[in-house]
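Below, each chain spelled out in residue letters.
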Amino acid sequence: MKRYDLLTPEGTRDLLFEECAAKRSITEKLTRLFKSYCYSEVMTPGLEFFDVFNGKVRYFPQETMYKLVDGKNRLMVLRPDNTMPIARLAATRLSGEELPLKLFYNQSVFMVNPKDSGRDDEFTQSGIEIIGGEIAAADYEALSLAAKALAVCDEDYRLEIGDNGFFRELIFQLGVDSEQAESIREFIETKNYPALNEMLGGFYGSAAEAIKKLPALFGGEEVFAEAEKYMLTDSLCARLKSLKALYDGICGICGADRIRVDLGLVHKKNYYTGILFRGYVEGYGRPVLSGGRYDNLLGDFGREAAAVGFAVNVEAAAKFLYARGLEASAPDVLVHGGQGAETAALRHCEKLISDGYKVYNSLFASPESAAEYAKQHNIYRVDTVSADGSVKSTEV
Amino acid sequence: MENRKVRIALTKGRIENKAVDLLEKIGYDVTDLRNKGRRLILSVPNEDIEVVLAKAADVITYVEHGVCDLGVVGKDTIMEHGGKFFEISDLGFGKCRFALAVKKGTDFYMGYGVKTVATKYPEVTRRFFEAKGMDVDIVKIEGSVELAPLVGLSDGIVDIVETGTTLKENGLEVYDTVAPISARLIVNTVSMKLKQERISEIVRLIEENCDDKNN
């Protein structure tokens, strides 16, 4: 039998040193950002009941979830998403809390990826969820925080805004069954114009024309003028207008060159009911940030409340930071005590640290090996401490 | 990363030749592409474009991961392999179809016994029969699939059929069409957004110049 005791499972990794530092640096910066806007951190269990993710509407295909059974033979999953558990939390334990709630999290999600796809099966997300609040005000806040979160990953980011509502409304007007609707959604998501045109070949009227056009409606401000020609009902017009207002508002904060629009954004996790957004940075082939408005999800858990949120893929952002090189700084001083002077050395370390030095406490037997280590690791000062506490300092 | 050229991945072989013809028609200098030797990354002089040659499934992988911005690959590979990217045009060349073929004269859909199907494309086959609500055993074969029903391993095969000559020579015939196939232009989802202007321009040129489109 093959033993797996020396390997990590596919899709998972040990993170070492600089990789850890890069990841930590991203989560710390994002935490600081969220806290500065008075968001409260929550943590949910890594293990959840399967039913949480398999409600009335199935947002998560079961083949993408890691499953196991608990001691009572109930089906459990490793958390595949952070929004669902937080919706559950907001609808249950926080049900007495007044809205709006501003929550943030830093925790990993797990998913089964296709074999050998080179994707992470476990990765950390940092994100926020705003439960309740005025829709427009919450959308503005979520988007401006999303832009700030992206700037943490890379100054030259793009934040893209869309609205799931266009698709939902148009597909309702078109009057197709849910299976056809899902195919159409998929063709829009993949901008598969040939398949979309073929599928809608037998449909006439403004809804079909608008759906055909949806995936092509992306870019900058010019998109709105083009979209106006296709959004013919009052409610679609109103939706377009409010998206334009949102776009203008966010452009005002972040600069128009950072903000993009894509009316063809239609998320597979169709708990999204309103605005959708994604963040991109150069050099990473998938979005590093993804989020949107989900006004019905809490209702599934028994508390009607509108909500909006996003998550940053910390692994992706960290990879990016790591690729650009994090400067790892060497210790300032190596402190060597040796046999009998261990505690004296530690006391000296304490003093140096309180003076603001970065200190490496030697665990070597001889002063020579300690000095050799200092030389190899670019530590330019070596303090040798005797048992009585006296210190001899040498510059190397 | 900032200044990387727009990278197009082409599926080696027939699709590559057609695609190079297409690039030439657009007016790009394809001398390098025609005299490639053993090189795998080729430049297009005077353009901010480079071309990568890869096996079909790898074209998808490279585009999906964003290391190539555009790709030209057959619908057969897209159907079998899946993945997340924009599949924006049907280039019209490389036309053929996925078909279910059986020994001449047999009626595959008759009877209640579970049939065995041999194929190089288990994913496509599985979805086809799932949609039909039919229970079949699927056997993955790497080489000439036509052999499987002849030696009695399977009742039928699902394979790419172009002219049908190989089938005919081996006493097989097409029983049902699974899906039409042609070459597709795919684009990485992030590249499309970050380099919208340049990529839209290339896509427009490609679409305007693929004359096979309506054949």
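Please refer to the structure higher up on the page.
Undergrad: Just to check I follow, could you spell out the sheet that holds strand S11 (residues 183-187) of chain B for this structure?
TA: Residues and elements named next belong to chain B. The strand order S2-S3-S1-S4-S11-S5 describes an open sheet built from six strands, whose pairing is mixed. At either end of the open sheet lies a strand with only one pairing partner, and these are strand S2 (41-44) and strand S5 (86-90). Adjacent strand axes in the sheet meet at a mean angle of 25°, parallel and antiparallel pairs treated alike. Pairing analysis gives three bridges linking strand S1 (residues 6-11) to strand S4 (residues 70-74), with the strands arranged parallel. Bridging across to S4, Ala-9 finds its partner in Gly-71. Across the face of the sheet, helix H1 (residues 14-26) comes into contact with S1, strand S3 (49-54), S4 and S11 while running at roughly 140° to S1.

Undergrad: Even after reading the chapter, I still don't get the packing of aromatic side chains, so can you show me in this structure?
TA: The geometry of an aromatic ring pair is captured by two quantities: the separation of the ring centres and the angle between the planes. Under the defined criterion, the tally for this structure stands at 14 aromatic pairs over all chains. Between Phe-53 of chain A and Phe-60 of chain A, the ring centres sit 5.6 Å apart and the planes meet at 85°, which makes this aromatic pair edge-to-face. Taken as a pair, Phe-53 of chain A and Phe-60 of chain A share a single burial class, namely buried. On the numbers, 5.4 Å between centres and 45° between planes, the contact of Phe-364 of chain A with Tyr-373 of chain A is tilted. A residue is classified by how much of its surface remains accessible, and Phe-364 of chain A, at 28% relative accessible area, is partly exposed. Grouping aromatic residues by their ring pairs yields a cluster made of Phe-108, Tyr-109, Phe-128, Phe-129 and Tyr-175 of chain B. In this structure, Arg-258 of chain A is placed above the aromatic ring of Tyr-157 of chain A, and the distance from its NZ or CZ to the ring centre is 5.4 Å. Sitting above the plane of the Phe-218 of chain A ring, Lys-193 of chain B keeps its charged end 5.8 Å from the centroid.

Undergrad: Please explain unusual backbone geometry as it appears in this structure.
TA: One can expect most non-glycine residues to show negative phi and most peptide bonds to be in trans. All names here are of chain A. The omega torsion across Leu-99 and Pro-100 is 0°, close enough to zero to call that bond cis. Examined against the element boundaries, Pro-100 turns out to sit in the loop between helix H2 (83-91) and strand S5 (101-110). Here Asn-73, not a glycine, exhibits a phi torsion of approximately 65°, which is positive. Classification of Asn-73 as exposed rests on a relative accessible area of 63%.

Undergrad: Help me understand the pairing of S2 of chain B, please; the structure alone is not making it clear to me.
TA: Residue and element names in this part refer to chain B. Of the two faces of S2, the one holding Leu-42 and Val-44 is buried and the one holding Ile-41 and Ser-43 is not buried anywhere. Where S2 and S3 come together, four bridges link them in antiparallel fashion. Across the sheet, the residue bridging to Ser-43 is Glu-50, located in S3. Here S2 folds back onto S3, and the loop between the two strands holds four residues, one of which, Asn-46, carries a positive phi near 65°.

Undergrad: Is there a simple way to explain the environment of Leu-33 of chain B in this structure?
TA: Structurally, Leu-33 of chain B can be placed in helix H2 (residues 31-34). Spatially, the C-alpha atoms of Leu-33 of chain B and Glu-16 of chain B are 9.4 Å apart, while their sequence positions differ by 17 residues.

Undergrad: Teacher, can you tell me more about the environment of Asn-106 of chain A here?
TA: Residues and elements named next belong to chain A. Here Asn-106 lies in strand S5. Between the C-alpha atom of Asn-106 and that of Thr-44, which follows or precedes it by 62 residues, the distance is 9.9 Å. Filtering out sequence-adjacent residues up to four positions away, Asn-106 remains in contact with Thr-27, Thr-31, Glu-41, Thr-124, Gln-125 and Ser-126. One polar contact links Asn-106 to Thr-31, side chain to side chain, over a distance of 3.0 Å.

Undergrad: How should I be thinking about the side chain of Glu-189 of chain A in this particular structure?
TA: Looking at the element boundaries, Glu-189 of chain A is found in helix H5 (residues 178-189). Using a relative accessible area of 14% as the deciding quantity, one classes Glu-189 of chain A as buried.

Undergrad: I'm lost on the nonpolar core in this one. Help?
TA: With 72 residues, the main nonpolar core has Leu-159, Ile-184, Leu-263, Phe-277 and Phe-310 of chain A as its most contacted residues. Among the elements that make up this core, the one with the highest residue count is helix H3 (residues 135-153) of chain A (ten residues). Every residue in contact with Ile-184 of chain A, bar those within four places of it in the chain, is listed here: Phe-167, Ile-171, Leu-174, Val-176, Leu-196, Met-199, Leu-200 and Ile-211 of chain A. Listed in part, the 34 residues of the second largest apolar core include Leu-42, Leu-53, Met-192 and Leu-205 of chain B.

Undergrad: Help me out: how do you make sense of the interface of chain B and chain A in this one?
TA: Quoted interface sizes are often the accessible area lost when the parts come together. Each partner contributes residues to the interface: chain B has 21 residues there, and chain A has 24 residues. Buried surface at the junction of chain B and chain A, both sides included, amounts to about 1,900 Å², of which 53% is carbon and sulfur. Across the contact surface, chain B and chain A share four salt bridges. With a shortest N-O distance of 2.8 Å, Lys-193 of chain B and Glu-160 of chain A are connected by a salt bridge. Taken together, the links from chain B to chain A amount to eight residue pairs in polar contact (both at pLDDT 80 or more). Of all the secondary-structure elements, those providing two or more residues to the side of chain B that touches chain A are S5 and helix H8 (189-194) of chain B. Of the residues belonging to the side of chain B that touches chain A, the class tally is seven nonpolar, six polar and eight charged.

Undergrad: Is there a simple way to explain empty space enclosed by the protein in this structure?
TA: The rolling of a water-molecule-sized probe over the atoms marks out the regions of remaining empty space. All names here are of chain B. Under the defined criterion, the tally for this structure stands at one cavity of 30 Å³ or more. Taken as a whole, the largest cavity spans an internal volume of roughly 40 Å³. Considering the residues around the largest cavity, the lining is formed by Ile-8, Leu-10, Ala-19, Leu-22, Leu-23, Val-72 and Ile-206. For the lining of the largest cavity, the secondary-structure elements that each account for two or more residues are S1 and H1.

Undergrad: What's the story with the pattern of salt bridges in this structure? I'm lost.
TA: Charged atoms that come close allow side chains of opposite charge to pair. Evaluation of the coordinates by the stated rule reveals 48 salt bridges over all chains. Glu-64 of chain B is the salt-bridge partner of Arg-119 of chain A, the closest N and O atoms lying 2.5 Å from each other. Of this pair, Arg-119 of chain A sits in the loop between S5 and strand S6 (122-131) while Glu-64 of chain B sits in helix H3 (residues 56-64), on two different chains. The class for Glu-64 of chain B is buried, based on a relative accessible area of 10%. Glu-16 of chain B is the salt-bridge partner of Lys-36 of chain B, the closest N and O atoms lying 2.9 Å from each other. Note that Lys-36 of chain B is positioned in the loop between H2 and S2 and Glu-16 of chain B in helix H1, a separation of 20 residues in sequence. Relative accessible area serves as the criterion here: at 4%, Glu-16 of chain B is assigned to the buried category. Connected via shared salt-bridge partners are Arg-13, Glu-19, Asp-120 and Lys-319 of chain A.

About the cut-offs
- Residues numbered from 1 in each chain as written.
- Chains lettered and ligands numbered in written order.
- Predicted model: local features only at pLDDT ≥ 70, side-chain atom pairs only at ≥ 80, totals over all residues.
- Heavy atoms only, no water.
- Pairing = 2+ DSSP bridges.
- Helix = DSSP H or I, 4+ residues; strand = E, 2+ residues; numbered from the N terminus.
- Axes fitted to C-alpha atoms, helices over the stretch in contact; angles between N-to-C directions.
- Contact = heavy atoms within 4.5 Å.
- Phe/Tyr/Trp six-rings, centres within 6.5 Å; stacked < 30°, edge-to-face > 60°.
- Buried < 20%, exposed > 50% of the residue type's maximum accessible area, 1.4 Å probe, protein only.
- Lys NZ or Arg CZ within 6 Å of the ring centre and 35° of its normal.
- Polar contact = N/O pair within 3.5 Å; in protein donor to acceptor, adjacent residues only side chain to side chain.
- Core = buried A, V, L, I, M, F, W, Y, C linked by side-chain atoms within 4.5 Å.
- Buried area = accessible area lost by both parts, 1.4 Å probe.
- Salt bridge = Lys/Arg side-chain N within 4 Å of Asp/Glu carboxyl O.
- Nonpolar A, V, L, I, M, F, W, Y, C, P; charged D, E, K, R; others polar.
- 1 Å grid on protein atoms, 1.4 Å probe; cavity = no way out; pocket = protein on both sides within 12 Å on 5 of 7 lines; lining within 4 Å.
- Points joined across faces, edges and corners; volume = space filled by probe spheres on them.

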